[in-house]
Amino acid sequence: MTMRTRGPGRRGPVGCGAARCWASYAPTVGLVGRDHEVARLHALLDDIDRRGASLVLTGDPGIGKTALLAEATEAARASDLLVLNTAGIEAETHLPYAALHKLLWPVRKMLHDLPDSQVRALNSALGLGMAEAPTSYLVALAVMNLLAEVAESTPLVLVADDAQWLDPETGEVLAFLARRIEAEPVVLLAAARDGMPCQLIDAGLPTLAIAPLSNDSAESLLSRHAQELPPWLRRRILQEASGNPLALIELPTVAALKAPGPLGAPWLPLAGRLEDAYAARAARLSVRTQAILQVAAVDDGSALDEVLHVASRLVGADVRMDDLQPAADARLVSWEGGSLTFHHPLVRSAIYQGMTEERRRAVHRALAERLGAASDRGTWHSASAISGHDEAAAAALQHLAARARQLGHVETAVRALERASQLSPDPRVRADRLLSAADSAVELGQPETVARLLDAVAELDLDSQQRARVAWISAAFDDGLRDPVFDAFRLAELAESVNADGHTDVAIRILWSAALRCFWTEPGAAARARIVEVAEALPVDPMNPRLLAILGYAAPVLRADVVIERMERLLDGRALDSESVRLLGSVAVLVGRLDIAVTQSAAAVTGLREEGRLQLLARALAAQAWAAAQDGQIGVAMPVAQESAMLAGETGQPFLRALMLATRAKVAALQGDAGQADALASEAERIAIPAGARNVLATAQHARALVALGAGDYAQALSRLLRMHEPASESHQLALKYYTLTDIADAAHHSRKTGHALSVLAELERDAALTPSDSLHDSIRLARALLGEADEAEARFLTALAVDLSRRPFTRARTELAYGEWLRRQRRTAESRDHLRSARETFDALGTTPFGDRARRELRAAGERSPERQRLATDILTPQELQVAQLAADGLTNKQIGSRLYVSHRTVGAHLARIYAKLGVTSRVQLHAAIRQ
């Protein structure tokens, strides 16, 4: 180990601190036989200045996870690292950000260094102020930036014990943080019990399983704690402990007390025997001391004065600190700074399980009286004190749920509404509360919770509106791809009946679900027509962005003129929220307005980033990426598709992620990277094929066709593209097929197989009469020139080039390339060069290498040599590096870039260092020139 040194702005490697050197450590008593695990933890800490890391220790209760975390904490502090601790507590899981509050309390004074929106979000989450419903992702971004600021002066170790009991909001924040600390001097260490759900493990964090001690280590540990045991009892304890350190320490104490429980019940799981051991120890204490333990076991706080006050209420006498000391002497609890802590979570469990239901309700009632009805904690305890129905308590929980939603605490709202339903005497009100809970659980992406709540609803008599809500909620996940019951037609029928009952808001949400199925699958013409019919009969503003999205998704050609006309009016003066702009950008892809899709999706992205709405942000980025890729805008599509795929994975949208993988395959094909295109398309297809996600399969098929087109395999390209026009094909998607005509005409012309291509052209010409889609009409003009009669070709090429294509440079370059090729084959070589040269320059600027190479070959055949293509930033940088470089070239600071991309400014700095090296620049001025090139 090397010495850590400190100085202004200086960081050195971890090593021997003022207290002691890690190399001099002797394992503590609780860490006998844990040399490997200790070395793994020390290695993470030793590397903290070079890279951040995370690790979750897993194992049975008492296996030594907490002791290992304590060892890491001591080692970190000995080396002058800042350690922030928290722990999950089962009784506090319904309190949003409870564990985060403990973690950040020591550094709360540094909040003022954050942007205002993040300060408000974090203050609201920590209960330091009120703000409008911050999303958990905005809170997570604030936490990441706060900790990055702290780590600027002192590397940071975050410790979270009992992570299986972290409140969901804290768990989400820590998972978000762990995915983004690689460039930070931050290590996140956590411990979680085997066999219990844990968000950190579900998020894919690295784990280290803590195994039982070896026989030799178990004997050594037992000898340190119980030297005088008779041989027979020693053998019995070693056998029952099975290498569990906590059992090796605690079971001898029970034997010494001659308590009958754990040693006489070998059929019980070890955790149960340890609980019995703790319960036996508690049973020997006085009534007052037991009352303290009972209150602490039920309490969702840890304030010592609160526990003593409520214990006094329970026993009807004054309970004091003196009454607590016997519990500390029995190694059941400890206290520090007015906070009471159980020696181990099994102690709390033993005390709680040892109480009768009546006693637990009495403790809850006493806590509720102490806390008051106005507090959320008081409301929870009042509800827990009731065994039957109580509408007043249910209504209080419903109000609590509404407040929780206002603050962005959706998980708390779900729990409160579910408990409120259990207390509701009126079955109809009970159903409403269960449905509200299920609706919120959909937002959280929790299908198991939704299924459980809907199963409870199914046991009740429901009215038509409630049945409609059941159907809509059931179909809400993955845009209905996994729902075999309610198809798009039935959803449209349902929306109509719900609207007839006066619930228009619910009806439009159901219709949106139906319309989304038209994007991911193919419901058929009848279903599409029914969706449009019901949508146009709804008593809503015809300019409603969601209504326009429904029409465009369900009828991308038949209603394209209406959607485009209204969309342009909306964008010409109305102030729209981020979600409305996102919807317009999304539907613009389907009705053939790629320019609107790119610009409006980008506009929505800005607002959604600021609001921390990552699920919708992933979707807005997806629309922008798909449109940009189709338009040949590699510099836009490449980083945006990567970010969308990453966010889709983080927010539980697997099919959206698959769509972005296919879009990245399309970008790779346009760049001439056939291997990357194939790998990305294959991964996208692996996800999409089981669910029949047609938009994913269509995009992947188009990517493979572009690879073949770039390689000059025109027959294969044509075969793949024509498959997208066969309604029975899994790669047929009604809206996306219209984007293939230029490629079909190109492949058919060069392979001299024009028959099927002419049929496609004739079909799309009929459809073009119904839509003002720029993309479709551009393609038709070029296809007519390539596939029509030879004596009409030139006139048609000139017609195609006469259109103003200045905002669609890729389309113009494709047209000039085709016209230049035609001219050269007509032996008009000199005329061909101007068009071929213009096409080559555009393709080179866009980074669409296969088309640029094709233009070069044609120019060479026309007698003109082309300069070697200069490599662009899109060729050199990774997608994320490109995104960072573009933002830096636009003049954003590292902190501003970090806020936009949900990474810390230190991570941005690390990216920029690599970017400078790759591009051979040394300043942002040079970077700007390199990117704008």
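Preceding this paragraph is the structure being described.
Quick caveat, the model's predicted, so the values are computed rather than measured. (Residues numbered from 1 in each chain as written. Predicted model: local features only at pLDDT ≥ 70, side-chain atom pairs only at ≥ 80, totals over all residues. Heavy atoms only, no water.)

### Things to note about the packing of helix α32 (residues 654-671) against helix α33 (residues 674-688)
Alright, step 1. Following both chains from N to C, one finds α32 and α33 inclined at 160°, their axes separated by 8 Å at the closest point. As judged from the angle between their axes, α32 and α33 are roughly antiparallel. Crossing of α32 over α33 shows left-handed handedness. Each of P654, F655, R657, A658, L661, A662, R664, A665, A668 and A669 in α32 lies in contact with α33, whose residues at this interface are Q676, A677, L680, A681, E683, A684 and I687. (Axes fitted to C-alpha atoms, helices over the stretch in contact; angles between N-to-C directions. Helix = DSSP H or I, 4+ residues; strand = E, 2+ residues; numbered from the N terminus. Parallel < 35°, antiparallel > 145°, perpendicular 65-115°, else oblique. Left-handed = near helix turned anticlockwise from the far one by under 90°. Contact = heavy atoms within 4.5 Å.)

### Some remarks on helix α34 (residues 694-710)
Alright, step 1. The end-to-end C-alpha separation of α34 is 24 Å, in line with the 24 Å expected for 17 residues at 1.5 Å each.
Alright, step 2. Among the 17 residues of α34, 15 are classified as buried, and the element is accordingly described as predominantly covered.
Alright, step 3. Directly beyond the C-terminal end of α34, a positive phi value near 80° is found at G712. (Expected span 1.5 Å × (residues − 1). Buried < 20%, exposed > 50% of the residue type's maximum accessible area, 1.4 Å probe, protein only.)

### Observations concerning the sheet that holds strand β5 (residues 156-161)
Alright, step 1. The strand order β4-β5-β6-β3-β7 describes an open sheet built from five strands, whose pairing is parallel. Of all the strands in the sheet, just β4 (82-87) and β7 (207-209) have a single pairing partner and so form its edges. The average undirected angle you get between the axes of adjacent strands in this sheet is 15°.
Alright, step 2. By the bridge criterion, three bridges tie strand β3 (residues 53-59) to β7 in an arrangement that is parallel. Counted as the bridge partner of L57 is L208 from β7.
Alright, step 3. Running at roughly 160° to β3, helix α1 (residues 35-46) makes contact with β3, β5, β6 (186-193) and β7 of the sheet. (Pairing = 2+ DSSP bridges.)

### Topic: the environment of P326
Alright, step 1. One can find P326 in helix α14 (residues 325-329).
Alright, step 2. A relative accessible area of 33% places P326 in the partly exposed class.
Alright, step 3. Sequence separation between P326 and G898 is 572 residues; the distance between their C-alpha atoms is 52 Å.
Alright, step 4. Not counting residues up to four positions away in its chain, the partners in contact with P326 are L285 and T289.

### Thoughts on the packing of aromatic side chains
Alright, step 1. Summed over the entire model, instances satisfying the criterion amount to 12 aromatic pairs.
Alright, step 2. Their ring planes at 70° and their centres at 5.6 Å tell us that F519 and W520 sit as a pair that is edge-to-face.
Alright, step 3. Here F519 falls in the buried class, since its relative accessible area comes to 13%.
Alright, step 4. Taking the centre distance of 6.0 Å and the plane angle of 75° together, the rings of F810 and F843 count as edge-to-face. Of this pair, F810 sits in helix α40 (residues 809-825) while F843 sits in helix α41 (residues 829-846); the two residues are 33 residues apart in sequence, bridging distant segments of the chain. Residue F810 shares its accessibility class with F843, and that shared class is buried.
Alright, step 5. Cation over ring: R108 sits above W105, and NZ or CZ is 3.8 Å from the ring centre. (Phe/Tyr/Trp six-rings, centres within 6.5 Å; stacked < 30°, edge-to-face > 60°. Lys NZ or Arg CZ within 6 Å of the ring centre and 35° of its normal.)

By themselves, these are just geometric observations and shouldn't be taken as functional.
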